[in-house]
Amino acid sequence: MTIKTLLLPCIFVIVLAGCASEGGGGGPAVGGGTRAEFCKSGDTPVASASQCLQDDAACYQITDNSWCTGERGLSCPTGSNQLPAGSAC
């Protein structure tokens with residue numbers, strides 16, 4: 001076996017471990033890993049992660065250990081044009 005063959009599985013495991021440690025389903029951390037003090041505008045405070053909205057929603061913990069949730073998946077990306085319902089992409 002070459003060193004390359006041995007290193008690739010190790011790198012793969014390290015990358016996966018880094019992804020898993022990002023907070024699982026939470027929104028992005030503010031300030032490089034520190035928690036925000038309040039929910040973002042439009043988000044709703046909830047008591048636990050189990051109360052967060054499902055699918056493409058935000059779910060993140062704030063400094064008082066409560067959680068915030070809000071819709072994220074129903075908006076078009078900046079710079080895109082909305083198509084009429086039923087149109088082909």
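It should be noted that the structure appears before, not after, this text.
Keep in mind it's a predicted model, so treat the numbers as computed, not measured.

Draft legend 1. Examining the overall build of the chain more closely. When its secondary structure is counted, the chain shows 1 helix and 3 strands. Each helix and strand of the chain, placed in order from N terminus to C terminus, yields the pattern α-β-β-β. With 89 residues in all, the chain has 17% of them scored as buried. Surface accessibility of the chain: about 7,200 Å² in total, with carbon and sulfur atoms responsible for 61%.

Draft legend 2. Local environment of the pairing of strand 3 (residues 67-71). A large share of strand 3 lies buried, amounting to 4 of its 5 residues. The sheet contact formed by strand 1 (residues 44-46) and strand 3 spans 3 bridges and is antiparallel. Residue pairing in the sheet places Val46 in a bridge with Trp67 of strand 3. Judged from the 5 bridges that link them, strand 2 (residues 57-61) and strand 3 form a sheet pairing that is antiparallel. Following the sheet pairing, Gln61 is matched in strand 3 by Trp67. Hairpin connection from strand 2 to strand 3: 5 residues lie between these consecutive antiparallel strands, with Asn65 at a positive phi of about 75 degrees.

Draft legend 3. Region of interest: the nonpolar core. Membership of the largest hydrophobic core is limited to 5 residues, which are Ala36, Ala58, Tyr60, Ile62 and Cys68. Filtering out sequence-adjacent residues up to four positions away, Cys68 remains in contact with Cys39, Asp43, Thr44, Pro45, Val46, Cys52, Ala58, Cys59, Tyr60 and Ile62.

Conventions and cut-offs
- Residues numbered from 1 in each chain as written.
- Predicted model: local features only at pLDDT ≥ 70, side-chain atom pairs only at ≥ 80, totals over all residues.
- Heavy atoms only, no water.
- Helix = DSSP H or I, 4+ residues; strand = E, 2+ residues; numbered from the N terminus.
- Buried < 20%, exposed > 50% of the residue type's maximum accessible area, 1.4 Å probe, protein only.
- Areas by Shrake-Rupley, 256 points an atom, 1.4 Å probe, with all protein chains shown as cover.
- Pairing = 2+ DSSP bridges.
- Core = buried A, V, L, I, M, F, W, Y, C linked by side-chain atoms within 4.5 Å.
- Contact = heavy atoms within 4.5 Å.

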